[in-house]
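Report on the structure
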Amino acid sequence: MQHPQPYFTWKVRFRDDLAARGDVWLAEVENQIVGFLVVIKEKQWLSQLFVDTTYQNQGIGSTLLDKAKAICPQGLGLDTLQANIRACAFYEHHGFKVGKLSTNKINGQPNVEYYWMPE
């Protein structure tokens, strides 16, 4: 699935908005960044989780998600695009429950909210 925003727009948004408001964690393999996580702890919100397609299905996303849960052990929310079926399945597999459906304010595409609460 291709990102709905052009690279330059996404880069500026990441630098000036997401990284400025949240904590950023990187996943590296052989000194190469292969994934990242952005958590806004004060809002208990997983803002971004990305793993390069070459490195998916190797546990990197699960490790990053476990880090997000450790940062927000009382619970965590997130949005993802409804069309991103792989992401939806990933979050559901990791105990997230479907919340409300909405429209993404950045790109106008349909979103789904997910929430995780510890047991």
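Scope of this entry: the structure provided in the associated data block. Just so we're clear, the structure is a prediction, and the values are computed from it rather than from any experiment.

1. Digging into the sheet that holds strand E5 (residues 97-103)
Overall, mixed pairing links the six strands, which are arranged E1-E2-E3-E4-E6-E5 in an open sheet. Looking along the sheet, the strands with just one partner apiece sit at the ends: strand E1 (23-29) and E5. Taking each pair of neighbouring strands and ignoring which way they run, the sheet shows an average axis angle of 25 degrees. Of the strand pairs in this sheet, strand E3 (residues 45-51) and strand E4 (residues 76-81) are connected by two bridges, and their pairing is parallel. By the bridge assignment, leucine 46 is partnered in E4 with leucine 78.

2. Regarding the environment of threonine 54
Structurally, threonine 54 is set in the loop between E3 and helix H2 (60-71). Put simply, threonine 54 and valine 34 are 20 residues apart on the chain and 8.4 Å apart in space, counted from C-alpha to C-alpha.

3. Here we look at the nonpolar core
Counting residues in hydrophobic clusters, the biggest one holds 22 residues, and the most contacted among them are Val39, Leu46, Ile60, Leu76, Tyr91, Phe96 and Tyr114. Among the secondary structure elements, those contributing two or more residues to this core are strand E2 (32-40), E3, H2, E4, helix H3 (85-93) and strand E6 (110-116). Apart from residues lying up to four places away in sequence, phenylalanine 96 is in contact with Leu65, Lys69, Leu76, Leu78, Tyr91, Tyr114, Tyr115 and Trp116.

Rules and cut-offs
- Residues numbered from 1 in each chain as written.
- Predicted model: local features only at pLDDT ≥ 70, side-chain atom pairs only at ≥ 80, totals over all residues.
- Heavy atoms only, no water.
- Pairing = 2+ DSSP bridges.
- Helix = DSSP H or I, 4+ residues; strand = E, 2+ residues; numbered from the N terminus.
- Axes fitted to C-alpha atoms, helices over the stretch in contact; angles between N-to-C directions.
- Core = buried A, V, L, I, M, F, W, Y, C linked by side-chain atoms within 4.5 Å.
- Buried < 20%, exposed > 50% of the residue type's maximum accessible area, 1.4 Å probe, protein only.
- Contact = heavy atoms within 4.5 Å.

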